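Architecture at a glance
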Amino acid sequence: GHRVPLARRPRPRLVPVVSAPKVDGRLDEWPALPYVCPSPAQGPATDDAPRQAKWKGPDDTAVRFAVARARAGDLSAAIEVTADSIRTVPGVDAWDQDGVAFGVDARPVAQWETSTQGRGVYLFASPGETLADTIVWGTQWVPSGVEVACVKTPKGYAFEARIPGKHLSAEGGPAWEALRVYVSNYDFDEGEPAPGRGHTGTYINWMPAWDKDERLPGSGAFVRK
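Residues numbered from 1 in each chain as written. Predicted model: local features only at pLDDT ≥ 70, side-chain atom pairs only at ≥ 80, totals over all residues. Heavy atoms only, no water.

1. Structural notes on the overall build of the protein chain
Scanning the protein chain from terminus to terminus reveals one helix and twelve strands. Of the contacts formed within the protein chain by residues at least 6 apart in sequence, a portion of 67% connects residues at least 24 apart. About 10900 Å² of surface is accessible on the protein chain, with carbon and sulfur atoms providing 52% of the total. (Helix = DSSP H or I, 4+ residues; strand = E, 2+ residues; numbered from the N terminus. Contact = heavy atoms within 4.5 Å. Areas by Shrake-Rupley, 256 points an atom, 1.4 Å probe, with all protein chains shown as cover.)

As C-alpha cells, then:
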C-alpha cells in the first residue's frame, strides 16, 4: 500500500477511553498530557522568524497536550497552556489575542501530502473567565456536535474539545484508521500591540504547519489502538 514517511517514529497510538472526558476546561479527567510543544522554532513560516525570536523559553509559554478516542470513534483533545501573561478581550477575534489551534486531518494516508483540502476539523479558541466565556473563531465553520472549551487557569489556560467520529470518517465508509494532529499556541506578551490590533503574537507549534515549506511529511500522525 501507499506509505508516507513519518516525521516521528514510532507512530503514537491514540489511547482508547470508555467515555470521552467532559468538555469543560477542567483537565483533571486526563491522566497525563504526554506531548509537548518544545519551542516556536517549528514555526508556520520562515517570515515569522522575528516573531518567534520573542519567545523567552518555557517560563514565557509552555504547551502540553493529549488526545484520545472513544469507542464510537469520537476524538477528544486536551491542551494545557502555561503562560506568564494572557491577553484576551471578549468580542475580539481569537486570532488577535492569546489562543490555541487544534486541527485534525482525517483523510486516507495516501492523501496527506497531496492537498490541504479534505475531511477534517480545525478549531481555534481563546480563553474566557468561565466555560461560557470561551471565544471560538469561525463558529459558522465548526461542524455540528463539536464541543470546545477554553478557560483561564491560575497558571494559564486549558483547552478541551470533542469531535464526533462522523466528521472524521467518510459518509458510509469505514472508520478512520490513522489521522494527523496539529497543535499550535498563539502567544501575546505585555508590551506588544493590544488585542485586536493585528497578528503580532508568537506561534508555538508542536509540528510545522502542513501547508508550509517547513512541513514534515506525515507529521503529527496517530493511529487507532
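2. Looking at the pattern of salt bridges
This model, assessed by the stated rule, comprises four salt bridges. Linking aspartate 28 and arginine 26 is a salt bridge whose minimum nitrogen-to-oxygen distance equals 3.8 Å. The residues aspartate 28 and arginine 26 share a single accessibility class, namely exposed. A salt bridge links glutamate 147 to arginine 162; the nearest nitrogen and oxygen atoms lie 2.9 Å apart. Placement of glutamate 147 in strand S8 (residues 147-153) and of arginine 162 in strand S9 (residues 156-163) is noted, with a sequence separation of 15 residues between them. (Salt bridge = Lys/Arg side-chain N within 4 Å of Asp/Glu carboxyl O. Buried < 20%, exposed > 50% of the residue type's maximum accessible area, 1.4 Å probe, protein only.)

3. Examining the pairing of strand S11 (residues 202-205)
Note on strand geometry: in a regular strand, side chains alternate between the two faces of the sheet. Burial along S11 is two-sided: the face carrying Thr202 and Ile204 and the face carrying Tyr203 and Asn205 are both buried. Here strand S10 (residues 178-187) pairs with S11 via four bridges, running antiparallel. Residue pairing across strands places serine 184 opposite asparagine 205, the latter belonging to S11. (Pairing = 2+ DSSP bridges.)

4. So, the packing of aromatic side chains
The full count for this structure, using the stated rule, is eight aromatic pairs. When the centroid spacing of 5.0 Å and the interplanar angle of 80 degrees are considered together, the rings of phenylalanine 65 and tryptophan 206 count as edge-to-face. Taken together, the positions of phenylalanine 65 in strand S3 (residues 61-70) and tryptophan 206 in the loop between S11 and strand S12 (221-223) put the pair 141 residues apart, joining distant regions of the chain. A single burial state applies to phenylalanine 65 and to tryptophan 206, both of which are buried. With centroids separated by 6.4 Å and ring planes inclined at 45 degrees, the aromatic side chains of phenylalanine 102 and phenylalanine 159 adopt a geometry described as tilted. In this pair, phenylalanine 102 sits in strand S5 (residues 99-105) while phenylalanine 159 sits in strand S9, placing the two residues 57 residues apart along the sequence. The exposure class of phenylalanine 102 is buried, given its relative accessible area of 1%. Following the ring pairs from residue to residue traces out a cluster consisting of Tyr35, Phe65, Trp206 and Phe222. (Phe/Tyr/Trp six-rings, centres within 6.5 Å; stacked < 30°, edge-to-face > 60°.)

5. A few points about the environment of aspartate 105
In this structure, aspartate 105 sits in strand S5. Of the residues examined, aspartate 105 reaches a relative accessible area of 6% and is grouped as buried. Separated by 15 residues in sequence, aspartate 105 and glycine 120 place their C-alpha atoms 4.6 Å apart.

6. Considering the confidence of the model for the protein chain
The predicted model of the protein chain averages 77 in pLDDT, with 68% of residues at 70 or higher. Looking at the elements of the protein chain, mean pLDDT is at its lowest for helix H1 (residues 49-52), recorded as 49, and at its highest for S8, recorded as 96. (pLDDT = per-residue confidence, 0-100.)

7. Thoughts on the pairing of S10
With ten of ten residues buried, S10 lies mostly within the body of the structure. Because side chains alternate across S10, one face comprises the buried residues Ala178, Arg180, Tyr182, Ser184 and Tyr186, and the other comprises Leu179, Val181, Val183, Asn185 and Asp187, equally buried. In terms of strand pairing, S5 meets S10 through seven bridges, oriented antiparallel. Note that in S10 the partner of glycine 103 across the bridge is tyrosine 182. Two strands pair when backbone bridges link them, and S10 and S12 are joined in this way by three bridges, in the antiparallel orientation. Looking at S12, one finds that alanine 178 is bridged to valine 223.

8. Some remarks on the side chain of arginine 162
For arginine 162, a relative accessible area of 18% corresponds to the buried category. Of the polar contacts made by the side chain of arginine 162, one reaches the side chain of aspartate 74; its length is 2.7 Å. Engagement of the side chain of arginine 162 in a polar contact is seen with the backbone oxygen of glycine 145, the distance being 3.4 Å. Setting aside residues no more than four positions away along its own chain, arginine 162 makes contact with Ala20, Val23, Asp74, Leu75, Ser76, Gly145, Val146 and Glu147. (Polar contact = N/O pair within 3.5 Å; in protein donor to acceptor, adjacent residues only side chain to side chain.)

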